[in-house]
Amino acid sequence: MPNTVLIIAASALVGIGLGYIIRKVIAEAKISSAETAAKRIVEEATQEANALKREKELEAKEETHRLRNEIEKESKERRSELQRMERRLLQKEESLDRKISNVEKKEEELRKKEEENRKTEEKLEQLHQEQLSELEKISGMTSGEAKDVLMQRVREDIDHEITMMVKDMENQAREEGEKKAREIVTLAIQRCAADHVSESTVSVVSLPNDEMKGRIIGREGRNIRALETLTGIDLIIDDTPEAVIISGFDPIRREVARIALEKLVSDGRIHPARIEEIVEKTRKEIDAQIKEEGERAAFETKVHGLHPELVTLLGKLRYRTSYGQNVLQHSIEVSHLAGIMAAELGLDITLSKRAGLLHDIGKAIDHETEGSHVQIGGDLAKKYKESAVIVNAVEAHHGDTDFNTLEAVLIQSADAISAVRPGARRETLEAYIKRLEKLENIADSFEGVEKAYAIHAGREIRIMVKPDRIDDYSSIKVARDIVKKVENELEYPGQIKVTVIRETRAVDYAK
């Protein structure tokens, strides 16, 4: 047994020793292999590094050569440029030398001429003295006596000139007075010009659909008959899509019918009883609106203390037209025009504006009362205790009676201005448009004009000219020539301002 243990122990020791020897041999082999691989890698890296080094050295040499060539080229260009500049400087120096030489020659010539002029002046002075002495001997007067005679003659000539000047100034003052009057009228027109042309006999009510036409007509036409009977107007229902035409001579009745029909269409309940209710309610609203319009007109013109009935009649003028011109707006305009002209002439502004506002008051009821609106207006002014000046202005603004005051003359002038100014009445609209077209055609006929625009109701025309063909000085001449041609070929009220615009633009883009 002990021997067995010893054998086993010996075997174990031998196995351990053999294992150690084997592992050592294997490890040494691996280490030797690793060292060989490492040496190979180091050699390869060394070779690659050397190759890369040689490549970089070649690139560096090439770059150095290229830079040296560029520097040499740039140096040559600079030397060439310096040589050109030196040649130019030499040429300029030679030119300056020649000019200096010419200037010196001219200075010398001028000195000689100055000397000659001085000698000539001395000779002339000597001759003048000799002639003066000879004249004194011939005339038998001294220089002082001759001066007195000349002064006397000058005084006589001056007196004659003063007399002529006074006469010219009187004529000029007369012309300036007429010109000032025209300026006052023109100023009043320009400050109050506005368009008031409108339709006068028909109104159009839009419908949501054509089915509404049948509801408006009603069973056997009872609805349309009720509406026409209550308002006193005619309803025209034709093939016009989604629209009903209201026709009537009385503008107030037509307005009542229009508003009532719009309310009925919006409400949807259309039958005789409802129609009567809506028409009555609308009539009350129109009466209230008439009063508001009259009060607005009085407030806008600053005319206070009018009788309530006159205020109501003024409001009715809101629904009255004359040749397409709204009479209330016309009356307000006449009031402003009369006030402006009265201020310029030193007359009563308040009285003039009041007369201007009331001058057409008769038109509010001239379809209800016999007589002209001038007679009716005068009677109304007397009835409501207006002053004699107002009454005379109302009665005389169409020349039916004599003028008793300057304010009455102003009202006639303001009424004429408001009626005949461009765009005020339909009967003059065609001529007004033709005048604007002719005004633009006159401007377009000039060479270099690009476009012309008539503005401010024909009181100004603006002309755009081509900047490459018309310079700043030529534009002044173009404006003057256009003014002359307009004055010769066109008839117009007041004056027309001609503005020539020359524009030069420089456009670039930042990128």
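Conventions used here
Residues numbered from 1 in each chain as written. Predicted model: local features only at pLDDT ≥ 70, side-chain atom pairs only at ≥ 80, totals over all residues. Heavy atoms only, no water. Helix = DSSP H or I, 4+ residues; strand = E, 2+ residues; numbered from the N terminus. Buried < 20%, exposed > 50% of the residue type's maximum accessible area, 1.4 Å probe, protein only. Contact = heavy atoms within 4.5 Å. Areas by Shrake-Rupley, 256 points an atom, 1.4 Å probe, with all protein chains shown as cover. Salt bridge = Lys/Arg side-chain N within 4 Å of Asp/Glu carboxyl O. 1 Å grid on protein atoms, 1.4 Å probe; cavity = no way out; pocket = protein on both sides within 12 Å on 5 of 7 lines; lining within 4 Å. Points joined across faces, edges and corners; volume = space filled by probe spheres on them. Core = buried A, V, L, I, M, F, W, Y, C linked by side-chain atoms within 4.5 Å. Axes fitted to C-alpha atoms, helices over the stretch in contact; angles between N-to-C directions. Parallel < 35°, antiparallel > 145°, perpendicular 65-115°, else oblique. Nonpolar A, V, L, I, M, F, W, Y, C, P; charged D, E, K, R; others polar. Expected span 1.5 Å × (residues − 1). Left-handed = near helix turned anticlockwise from the far one by under 90°. Pairing = 2+ DSSP bridges. Arc of directions from axis to C-beta. pLDDT = per-residue confidence, 0-100. Polar contact = N/O pair within 3.5 Å; in protein donor to acceptor, adjacent residues only side chain to side chain.

### Details of the overall build of the protein chain
Reasoning step 1: Counting its regular elements, the protein chain contains 14 helices and eight strands.
Reasoning step 2: With 511 residues in all, the protein chain has 29% of them scored as buried.
Reasoning step 3: Taking all contacts inside the protein chain whose residues are at least 6 apart in sequence as the whole, residues at least 24 apart take part in 61%.
Reasoning step 4: On the protein chain, roughly 34900 Å² of surface is accessible, and the fraction owed to carbon and sulfur atoms is 53%.

### Topic: the pattern of salt bridges
Reasoning step 1: Taken as a whole and judged by the stated rule, the model has 24 salt bridges.
Reasoning step 2: A salt bridge links Glu59 to Lys56, with the nearest nitrogen and oxygen atoms 3.7 Å apart. Linking Glu59 with Lys56, this pair stays in helix H1 (residues 2-139), spanning three residues, or about one helical turn.
Reasoning step 3: Glu108 serves as the salt-bridge partner of Arg111, at 2.4 Å between the closest nitrogen and oxygen. Residue Arg111 and its partner Glu108 are located together in helix H1, separated by three residues, close to a single helical turn.
Reasoning step 4: By relative accessible area, Glu108 is classed as partly exposed at 34%.
Reasoning step 5: What you see here is one network of salt bridges that share partners, running through Asp267, Arg269, Arg274 and Glu277.

### Looking at the layout of surface pockets
Space left empty within the atom packing is revealed by a probe, the size of a water molecule, rolled over the atoms.
Reasoning step 1: Here the second largest pocket defines a volume of roughly 240 Å³.
Reasoning step 2: Lining of the second largest pocket is provided by 15 residues; of these, Asp250, Ile252, Arg253, Val256 and Arg283 occupy positions nearest its centre.
Reasoning step 3: Among the elements of the structure, helix H4 (222-231), helix H5 (251-267) and helix H6 (272-301) are those that each provide at least two residues to the lining of the second largest pocket.
Reasoning step 4: Examining the composition of the lining of the second largest pocket, we find that four residues originate from one element, H6, more than from any other.

### A word on the nonpolar core
Reasoning step 1: In this structure, Leu306, Leu313, Leu314, Leu317, Leu357, Ile361 and Leu380 are the most contacted members of the largest nonpolar core, which totals 34 residues.
Reasoning step 2: Put simply, the parts of the chain that give this core at least two residues each are H6, helix H7 (308-316), helix H8 (327-345), helix H9 (349-358), helix H10 (373-383), helix H11 (388-396) and helix H12 (406-420).
Reasoning step 3: The contact partners of Leu380, leaving out residues within four places of it in the chain, are Leu313, Ile361, Gly362 and Ile365.
Reasoning step 4: Met212, Ile233, Ile259 and Ile278 belong to the second-largest nonpolar core, a separate cluster that totals 25 residues.

### Points about unusual backbone geometry
Reasoning step 1: The phi dihedral of Lys302 is positive, around 60 degrees, even though this residue is not glycine.
Reasoning step 2: Within the element layout of this structure, Lys302 appears in the loop between H6 and H7.
Reasoning step 3: For Lys302, a relative accessible area of 60% corresponds to the exposed category.
Reasoning step 4: At Lys385, a residue that is not glycine, the phi angle is positive and equals roughly 65 degrees.

### Remarks on the packing of H6 against H7
Reasoning step 1: Remark: H6 packs on H7, axes separated minimally by 7 Å, with the N-to-C direction vectors making an angle of 100 degrees. In terms of axis orientation, H6 runs roughly perpendicular to H7. Contact residues: H6 offers Ile290, Lys291, Glu293, Gly294 and Glu295, while H7 offers Val311, Thr312, Leu314, Gly315 and Lys316.
Reasoning step 2: When its residues are assigned to classes, the contact of H6 with H7 shows three nonpolar, three polar and four charged.

### A short note on H5
Reasoning step 1: Its 17 residues give H5 an end-to-end C-alpha distance of 24 Å, which sits within 8% of 24 Å, the value for a rise of 1.5 Å per residue.
Reasoning step 2: Taken together, the buried positions of H5 are occupied by Pro251, Arg254, Glu255, Val256, Ala257, Ile259, Ala260, Leu261, Leu264 and Val265.
Reasoning step 3: Once H5 finishes, Gly268 follows within two positions and takes phi at roughly 90 degrees, a positive value.

### Considerations on the packing of H6 against H8
The relative placement of two packed helices is expressed as an angle between their axes plus a distance between the axes.
Reasoning step 1: For the pair H6 and H8, the least separation of the axes is 10 Å and the interaxial angle reads 15 degrees. Here H6 lies roughly parallel to H8, going by the angle between them. Relative to H8, H6 is oriented so that their crossing is right-handed. In contact with Glu293, Arg296, Ala297, Glu300 and Thr301 of H6, H8 contributes Leu328, Gln329, Ile332, Ser335 and His336.

### Overview of the pairing of strand E3 (residues 243-247)
Reasoning step 1: Pairing between strand E2 (residues 234-236) and E3: three bridges, direction antiparallel. Within E3, the residue paired with Ile236 across the bridge is Ile245.

### Let's talk about helix H14 (residues 472-489)
Reasoning step 1: With 18 residues, H14 should cover 26 Å at 1.5 Å per step; its first-to-last C-alpha distance of 26 Å lies within 8% of that length.
Reasoning step 2: Within H14, burial applies to Ser475, Val478, Ala479, Ile482 and Val486. Considered in projection along H14, the buried side chains sweep an arc of 100 degrees and stay on one side of the axis. Away from its buried face by more than 90 degrees, H14 exposes Tyr473 and Asn488.

### Considering the confidence of the model for the protein chain
Atom-level detail of predicted coordinates should not be read off regions where pLDDT is low.
Reasoning step 1: On average, residues of the protein chain score 80 in pLDDT, and 89% of them reach the 70 mark or higher.
Reasoning step 2: Considering only residues more than four positions removed or in separate chains, one finds that residues 193-200, a stretch of pLDDT under 50, has 27 contacts.

### Re the sheet that holds strand E8 (residues 497-502)
Reasoning step 1: Spatially, the three strands line up as an open sheet ordered E6-E7-E8, and their pairing is mixed. For this open sheet the edge positions go to strand E6 (449-455) and E8, each flanked by a neighbour on one side alone. If you compare each strand with its neighbour and ignore which way they point, the axes differ by 20 degrees on average.
Reasoning step 2: In this structure, strand E7 (residues 460-465) lies alongside E8, joined through six bridges in parallel fashion. Paired with Met464 across the bridge in E8 is Ile501.
Reasoning step 3: Relative to E8, H14 is tilted by about 155 degrees, and along the sheet it contacts E7 and E8.

### Focus on the environment of His373
Reasoning step 1: Tracing the sequence through the fold places His373 in helix H10.
Reasoning step 2: Distance from His373 to Glu395, taken between C-alpha atoms, is 9.0 Å for residues 22 residues apart in sequence.
Reasoning step 3: A polar side-chain atom of His373 sits 3.2 Å from a polar atom in the side chain of Asp360.

### Focus on the environment of Glu211
Reasoning step 1: Relative to the helices and strands, Glu211 resides in helix H3 (residues 211-217).
Reasoning step 2: Judged by its relative accessible area of 66%, Glu211 falls in the exposed class.

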